[in-house]
Amino acid sequence: MKPNDVILHSVTKVAVVIILTFSIYLFYGGHHNPGGGFIGGLSVASGLVLLYLAFDIETVRNNIPVDFKIVAAVGVLIAVLTGVSSLFIGKPFLNQAFGYFDLPIFGKTELATAVLFDVGVALAVIGTAVTIILSISEDG
Amino acid sequence: METSMSILIGVLFTIGTYLILTKSLLRIILGTSIISHGVNLLILTMGGLKKGGPPLLGESSTTFTDSLPQALILTAIVINFAVTALFLVLSYRTYKTLGTDDMDQLRGIEDE
Amino acid sequence: MSWLYLMIFIPFIFAIFVPFIYKLFGTRIHTGWFVFFAPLAVFLYLLKYIPMISKGESVHSKLAWMPSLGINFTTNIDGLALIFGLLITGVGALVVLYSIYYMSKEREALHNFYVYMLLFMGAMLGLVLSDNILVLYVFWELTSISSFLLIAYWYQRKGSRNGAQKSMLITIFGGLAMLAGLIMLSMMTDTYSIREILSKVDLITSHSLFIPAMILILLGAFTKSAQFPFSIWLPDAMEAPTPISAYLHSATMVKAGIYLVARFTSVFGGSAEWFWIVSSIGLITLIYGSINAVNQKDLKGLLAYSTISQLGLIMSLLGVGSASIYFGYGDESSVYAFAVLAAMFHLINHSTFKGSLFMVVGIIDHETGTRDIRRLGGLISLMPISFTITVIGSFSMAGLPPFNGFLSKEMFFTSMITVIESPVFGMESIGLLFPIIAWVASIFTFIYCMILVFKTFLGKHRPEKLDKVAHEAPIGMLIPPMILAFLVIVIFFFPNVVSEYFLQPALIAVLPGFAAAGGIDVEISAWHGWNTELFMTIGVIVLGAFMYYYLRKWSRIYSYYPQVLTLNNFYNQLLAGMEKLSSKLTKQYMTGFVRDYLVYIFTFMIALLGCSLWLSKGFSFNATNDAPINLFEGGAIVAMLIAALTVVFSKSRITAIIAVGALGYLVSLFFVIFRAPDLALTQLVVETVTAALFLLCFYHLPELRKEKSKVPFKVVNLLISLGVGVIVTLIALSVNNHRLFESISYFYEDSYTLAGAKNIVNAILVDFRGLDTMLEILVLSIAGLGVYTLIKLQLAGREKK
């Protein structure tokens, strides 16, 4: 008999949206408030894990056709590349820069290369965490 | 607060060490997990407790707690997650392949 | 600026290219032809030093290597080094030529062979030319290693492997002892340079480390030169290909010990201990080797024992010669210095005749397929050239005219008689033993030389006992021994040329006191009237011939010697015993049980931290500066204690896992209390994911069993874990009262101006310490891949089954 997961499914659908939105907020807030790449990445990963738990792996994989090993690798690559890029302007490896710009909609906004580096961190964390969980649950 | 934290950390280390010294793989993993909690708290306590507000410049406080241990611990937490996962999978696979989680039986055969 | 140090590198440079050359030309051109140029070039280069050095000068050049440690690559060439250098390269060139015909280019791994050989050649050159004792030591060990590799060249054979192991163990043991001795020397004189050490002899002789340093250095020399009782490795080393036996184990490497003794004679010589140890060990080795050689059935074994015996002879000459220093530098001392001259002379002669003999034995082995004396015989008509060379070599070794061995053997007798005529160091009582032992050993030497010639070449030829049809060797193989045999005769007729250009400079190098006089006044001549030495030689010939004739009658006494008492047996027992002991000892603590290793680690940690805390009086406790604690925080601490204890005492795994999870959430609560919002958030999420992870594995992992351990096991665990906990608490408490310097974190409080970020922790992570974070995510990804591989690899394995 197929177990009745209606409540779990419905709650998950709502919860995941909230978790992911909050994750993105945490990630971008990291510059000035608690948050950042690690926390953002981990909460995205936990949201995905919730999806995998509520629905089965196949269903999720059909909807999110992403290989998370590659996500982790891309994350590390982005982090390294942002580090290397500072070499081209004669600054030490991993030197970060920031500046304030007037953007059309947002008004005066701070843009920092550190965010790019943080994207790499977040992707690496997401990729690794999901890979670990998926590897274990696929086995046995 | 520092005194009671020191004692708590000591207890965490004691329990963690005791678990690591047992024969069951699962207990050993739990032990490492507890020790790493102890270590994180130890680093934080070393930096001094409640010396100021959270290390956020946007807030109103003018003194801040030591931010360096926090950065260290943040790194440690994430690495600890990875290590625990690796341990867990290693023991899980050991159990599946060899059929035991008893460290005494997992040791090498005499006169290899 | 001299190019001398470059000469040492030439063989090494060649060694780098040999494998490529071998690959390129392979079986078309024998690799040996390329290698041949290395020793030849160095030989020709060294020749140019002869005129300069025969005047008593020495040349040195310096290449800074580790100047801050005082280790420089200083090379120094004098009479002694020149003799060795020419022997190494001269014999080396001949041996390479010989090996081209001996080693098949189709069947053998020639690149290995020549790389090892060049390695040895370079090491040996470095050994005799370097002036720094530490550099000398490095080259010394390098010769041991290359010798090991060459003996084990045919590593498929058990004998090769055992022989290589034996020589390695013995010579490396000696080498380490020598290192200790050399370091003592440098401690006494505060320099690493041999020349400077030689100029500070006064400091050494009065020092309390004089005797230990002397014995340690002699251990190195005796093991290398196969002196009794370390001689056992040399016969086993005969498993090496014959060119190697001719090169390393007769002409060059085994003489490194002689070199060392000669080099340090002016440091230690003149003392009774040095005189007694060196000369008596030399004489014992001499007679031990010659008696054993007679009993050998293998031609190479016979030559090996004869090498041991001849090395003993040279060693005893050096020992006797060292007494010269005791007398100062006058007429009396020159009588003893004559012995050193004889030693150098015999060193050269031995290399010529023994080298040629080894090559001939290699030829016999190569062309008949055996080296067993009992199967050989009657080869004279089949191999006339080999026979001639053997006669020249053997008769020279036996000390017969007109060969160079006769001259040095006479000089040897003269030196031994000197000991009775002008006795030193209490020689009055037992000095007579020296010439007697020398004489008896010479009789045996005569006998085995006759065996070598007559048992192999005369008698009845029995082709049915040989593996191959015997015939004369190709001309290329005969040329090298022919050159050496030719030298054997030339040196007999012109000994004084050798003396003037090589022996006298070498004498000055060994006994620098004679430098002013330009050596000692000596005329080497074949005929010096009817004196004692000549009568001794006649006695040797008569008695030796007699005993050889009746060899079969009396050789049976060898079999009465009990096998248990042989040196080899002692060695084997010692080796087996040590192996057993060490394996027993290791098994005591290497239990294969991780818990035991952890016990060692934790015990060590407790002891180390506890001791340093106690010794430095670092512990202090002062709670006055503590932050206040409120009821809520106290409750959280109690909750954590309960959760931690639950993990230990829970009987089911789900309880344990949930308790650990609770512990994690409580930790994040503490992060909140301690004003660390980033940590609290991270800890919360990580704990959630970890819990999911545990629950996923939960299904597959076994139920927690009650620990079925004995009580002592648990008590030890409890004690150690309590120790760890207490130590950590003590340290944590002490740290709170010891602020050695202010926190460096105030730097980061500028993060808004420096990095444009208001979250200091995040600024540290992505900006200030970005490299740490980058490496961390790398580690994270590697762990993820590790987990993935562990799981997937297993799946693949299962499918295969």
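Fair warning: this is a prediction, and the values are worked out from it, not measured in the lab.

## Description of helix 1 (residues 4-25) of chain C
Residues and elements named next belong to chain C.
- End to end, helix 1 covers 31 Å across 22 residues, agreeing with the expected 32 Å (1.5 Å per residue, within 8%).
- The principal kink in helix 1, of about 35°, is found at F17, preceding the proline P19 by one to four residues.
- Three or more residues of helix 1 are buried, namely L4, Y5, M7, I8, I10, P11, F12, A15, V18 and Y22.
- The inward-facing, buried residues of helix 1 contact helix 2 (32-35), helix 3 (37-47), strand 1 (59-66), strand 2 (71-77), helix 6 (110-129) and helix 7 (133-151).
- Looking at the residues trailing helix 1, positive phi occurs at G26, about 50°.

## With respect to the interface of chain B and chain C
- Every contact between the two is made by 83 residues of chain B and, on the other side, 97 residues of chain C.
- Here chain B and chain C share an interface that buries about 8,400 Å² over both sides, 74% of which is from carbon and sulfur atoms.
- For the pair chain B and chain C, the interface holds zero salt bridges.
- Seen at the junction of chain B and chain C, the total is four residue pairs in polar contact (both at pLDDT 80 or more).

## Observations concerning the UniProt feature "transmembrane region" (unreviewed entry) in chain A
- On the UniProt side, "transmembrane region" (unreviewed entry) is annotated at positions that read residues 6-28, 35-55, 70-90 and 111-136 of chain A here.
- Here residues 111-136 of chain A is 92% helix and 8% strand, with 39 Å between the C-alpha atoms at its ends.

## A word on the side chain of T17(B)
- Within the element layout of this structure, T17(B) appears in helix 1 (residues 2-20).
- Each residue touching T17(B), except ones within four places of it in the same chain, is listed here: I35(B), F602(C), S721(C) and V724(C).

## Points about the environment of P628(C)
All names here are of chain C.
- Following the sequence through the fold, P628 ends up in the loop between helix 29 (594-615) and helix 30 (631-649).
- Looking at P628, the relative accessible area reads 63%, which means it is exposed.
- Along the primary structure P628 and I642 are separated by 14 residues, whereas in three dimensions their C-alpha atoms are 22 Å apart.

## Observations concerning the domain arrangement of chain C
- What the domain assignment lists for chain C is domain 1 (151-549), domain 2 (591-738) and domain 3 (748-801).
- Inter-centroid distance (C-alpha atoms) of domain 2 of chain C to domain 3 of chain C is 25 Å.

## Quick notes on the interface of chain A and chain C
- On the chain C side, the residues contacting the 43 residues of chain A number 42 residues.
- Here chain A and chain C share an interface that buries about 3,600 Å² over both sides, 75% of which is from carbon and sulfur atoms.
- When the buried area of chain A at its contact with chain C is split by residue, F38(A), I136(A) and D139(A) rank highest and sum to 16% of it.
- Run the count over chain A and chain C and you get zero salt bridges.
- Our count for the chain A to chain C interface comes out at three residue pairs in polar contact (both at pLDDT 80 or more).
- Elements represented by at least two residues in the side of chain A that touches chain C include exactly helix 2 (37-54), helix 4 (68-88), strand 1 (98-103) and helix 5 (113-138) of chain A.
- Its residues placed into classes, the side of chain A that touches chain C shows 22 nonpolar, 16 polar and five charged.

## Concerning the pattern of salt bridges
All names here are of chain C.
- Inspection of every chain in the model, using the stated rule, returns ten salt bridges over all chains.
- The closest approach of N and O atoms between D365 and R371, which form a salt bridge, is 3.4 Å.
- The network of salt bridges with shared partners includes D298, D365 and R371.

## Some details on the environment of L127(C)
All names here are of chain C.
- With respect to the secondary-structure elements, L127 resides in helix 6.
- A relative accessible area of 0% means that L127 is categorised as buried.
- Distance in space between the C-alpha atoms of L127 and F546 is 44 Å, their sequence separation being 419 residues.
- Other than its neighbours up to four places away in sequence, L127 contacts L136, F139, W140, A256 and Y259.

## Quick notes on the packing of helix 23 (residues 433-457) of chain C against helix 26 (residues 532-549) of chain C
All names here are of chain C.
- Put simply, helix 23 and helix 26 touch, their axes get as near as 9 Å, and they point 50° apart. Overall, the two elements helix 23 and helix 26 adopt an arrangement that is oblique. Handedness of the helix 23/helix 26 crossing: right-handed. On helix 26, the residues touching P435, W439, S442, I443, F444, F446, I447, M450, I451, F454 and K455 of helix 23 are M536, G539, V540, I541, L543, G544, A545, M547 and Y548.
- Looking at the contact of helix 23 with helix 26 residue by residue, the classes come out as 16 nonpolar, three polar and one charged.

## Some details on the nonpolar core
- Core analysis: the biggest nonpolar cluster contains 221 residues, and I77(C), L185(C), F268(C) and M344(C) have the highest contact counts within it.
- For this core, the leading source of residues is helix 19 (residues 331-368) of chain C, giving 20 residues.
- If sequence neighbours within four positions are ignored, L185(C) has contacts with I197(C), I204(C), I217(C), F264(C), V267(C) and F268(C).
- Ranked by size, the runner-up nonpolar core spans 110 residues in total, among them V121(A), V130(A), F671(C) and L790(C).

## Description of the pairing of strand 2 of chain C
Residue and element names in this part refer to chain C.
- Burial of strand 2 is extensive: seven of the seven residues sit out of reach of the surface.
- Of the two faces of strand 2, the one holding I71, F73, T75 and I77 and the one holding N72, T74 and N76 are both buried throughout.
- Sheet topology places strand 1 next to strand 2; seven bridges connect them, and they run antiparallel. When the bridges of strand 2 are listed, H60 appears paired with N76.

About the cut-offs
Residues numbered from 1 in each chain as written. Chains lettered and ligands numbered in written order. Predicted model: local features only at pLDDT ≥ 70, side-chain atom pairs only at ≥ 80, totals over all residues. Heavy atoms only, no water. Helix = DSSP H or I, 4+ residues; strand = E, 2+ residues; numbered from the N terminus. Expected span 1.5 Å × (residues − 1). Bend = angle between axes of the 7 residues up to and from the residue. Buried < 20%, exposed > 50% of the residue type's maximum accessible area, 1.4 Å probe, protein only. Contact = heavy atoms within 4.5 Å. Buried area = accessible area lost by both parts, 1.4 Å probe. Salt bridge = Lys/Arg side-chain N within 4 Å of Asp/Glu carboxyl O. Polar contact = N/O pair within 3.5 Å; in protein donor to acceptor, adjacent residues only side chain to side chain. UniProt positions renumbered as here; feature names shortened; annotations may be inferred. Domains from an automatic or database assignment. Nonpolar A, V, L, I, M, F, W, Y, C, P; charged D, E, K, R; others polar. Axes fitted to C-alpha atoms, helices over the stretch in contact; angles between N-to-C directions. Parallel < 35°, antiparallel > 145°, perpendicular 65-115°, else oblique. Left-handed = near helix turned anticlockwise from the far one by under 90°. Core = buried A, V, L, I, M, F, W, Y, C linked by side-chain atoms within 4.5 Å. Pairing = 2+ DSSP bridges.

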